[in-house]
Amino acid sequence: MTNGFQLGSSPHIKGSNTTRKIMLLVIAALVPSSIASIFFFGPYSGFLMLTGVISAMTAEAVAELLRKRGLKSLTDGSAALTGLLLSLNLPPSVPIWIPVVGSFVAILIGKMIFGGLGHNIFNPALIGRAFLVAAYPTIMTASWTAPVISKSTSSGFSADVLRSNLQITLTQEELDAVTAATPLGVMKDAKRILSNPASTDEQRAKAEGSVASLYKWDSLKNIFLGNTGGCIGETSALLLLLGGVFLCAMKIVNWRLPLTYILTVGVLAWILGGHKGFFTGNPVFAVITGGMMIGAFFMATDMVTSPMSNLGQAIFGLGAGILVVVIRSYGGYPEGVSYSILIMNAFTPLIDRYIKPKIFGTKEA
């Protein structure tokens, strides 16, 4: 018998979580908000989600066959999750070919060109979304519709709130015809009017009324529950928060990143995000609107593209939060979650280089 050592590359100790299990748990956490999206925006939004998932899996299959690697990776659920996340980041009335194009870009350019799952630098779904925003800006930024079940506008204003703030007489039928932007879009337009010296007193009064309406309880409640305009899966902050807490409890998501991300956005939005100067912003409005919840819990926390250490996760969240507020407050785009995560994805290798995770079996590194 020959005595000797058996050599092999790390990892030498593996946990119980497999890639397939992780992906399926993340998909399960998105199911409530996905169902709510169909409830709020109608069956077509469900059709868009299904199209996105099928397209992403098809793109992955094509890439794997071209690389002669077989179709085994389709069973790990990562392509399906990418297609679902991309679809949830689309306006509810986009043409059916939009999730097809976005999913192919997400899988082929966002993931497979780097070598597949585990080698990609950026979140694939966000790469697909960024491409769609750049290539089809009108479709991606002007296709907002009000929830089909509600009498609120797509900005979340209830009929009574909007009527009282505009101080004019509008019938419910007239309100239903209003084609407002998302809550963040209304806020952006209002700030633009208020900061423009050429704005008339009437325009300023309406802008002030719009901001006041957004901060009212009725509007905040609509936004938190999902009864407002926006992308398919980002409107219900409540259901996304519940899904995120579930993933944190299952230790699929490191709670430090979403917590730091959300707190940073809330604090900085309070300081910089107001329309009357410093410390006049509304932190609650800032963290429940747009893509904050889906970005913080489901996209920034991608295990491949986020830092490995606890401190690194917090730094990632801090940086992404700063970028969101800077883009929303001083940029031309009302939302900044997608680009904040993509930019911080680029910093992840640098963060991991200088902040080493604790070595297994040792004390703090």
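Chains are numbered independently. Their residues run from 1 in the order of the written sequence. Note on the predicted model: pLDDT of at least 70 is required for a residue's local features to be given, and 80 or more for side-chain atom pairs to be given and counted; whole-chain, interface and lining totals, by contrast, use all residues. Hydrogens and water molecules were not included; the side-chain quantities draw on all heavy atoms of the structure.

Asks: Looking at this structure, how should I read the overall build of the protein?
Replies: The numbering of helices and of strands both runs from the N terminus, where a helix is a DSSP run of H or I of at least 4 residues and a strand a run of E of at least 2. From N to C terminus, the protein includes 17 helices and zero strands. Each residue's exposure class comes from its accessible area (1.4 Å probe, protein chains only) as a fraction of the maximum for that residue type: buried when under 20%, exposed when over 50%, partly exposed otherwise. Out of the 365 residues in the protein, the part that is buried amounts to 51%. In the protein, once contacts between residues fewer than 6 apart in sequence are set aside, the share between residues at least 24 apart is 75%. Computed with a 1.4 Å probe, the accessible areas rest on the Shrake-Rupley method; for each residue, only the protein chains presented here act as cover. For the protein, the accessible surface area stands at approximately 17,600 Å², while carbon and sulfur atoms represent 67% of it. For this analysis, residues touch if any pair of their heavy atoms sits within 4.5 Å.

Asks: What should I look at first to understand the layout of surface pockets in this one?
Replies: If a probe the size of a water molecule is rolled over the atoms, the empty space left behind becomes visible. What the second largest pocket holds in volume is close to 460 Å³. Both cavities and pockets are sets of points on a 1 Å grid over the protein atoms alone; in a cavity a 1.4 Å probe fits but cannot get out, in a pocket the set is open with protein on both sides within 12 Å along at least five of seven lines, and lining residues sit with an atom within 4 Å of a point. In terms of lining, the second largest pocket is formed by 26 residues, of which the most central are Met23, Leu81, Asp302, Met303 and Val304. Counting residues per element, the ones that place at least two in the lining of the second largest pocket are α1 (19-41), α3 (78-88), α5 (124-135) and α15 (292-299). Following the grouping adopted for this structure description, the nonpolar residues are Ala, Val, Leu, Ile, Met, Phe, Trp, Tyr, Cys and Pro, the charged ones are Asp, Glu, Lys and Arg, and the polar ones are all others, Gly among them. Split into classes, the residues belonging to the lining of the second largest pocket amount to 15 nonpolar, nine polar and two charged. Grid points are joined across faces, edges and corners, and a volume is the space filled by probe spheres set on the points.

Asks: Is there a simple way to explain a nonpolar patch on the surface in this structure?
Replies: Residues enter patches when their relative accessible area tops 30% and they take part in no salt bridge; the joining distance is 9 Å for like charges and 5 Å for the nonpolar side chains Val, Leu, Ile, Met, Phe, Trp and Tyr. We define a salt bridge as a contact between a side-chain nitrogen of Lys or Arg and a carboxyl oxygen of Asp or Glu at a distance within 4 Å. Nonpolar side chains collect at one region of the surface, where Val267, Trp270, Phe278, Phe279, Leu318, Ile322, Val326 and Tyr330 lie side by side and expose about 810 Å² of accessible area between them. Going through the elements one at a time, α13 (256-272) and α16 (310-330) are the ones with two or more residues in the nonpolar patch. With four residues, α16 is the single largest residue contributor to the nonpolar patch. Here Tyr330 is to be found in helix α16.

No statement about biological role is implied by the geometric values presented.
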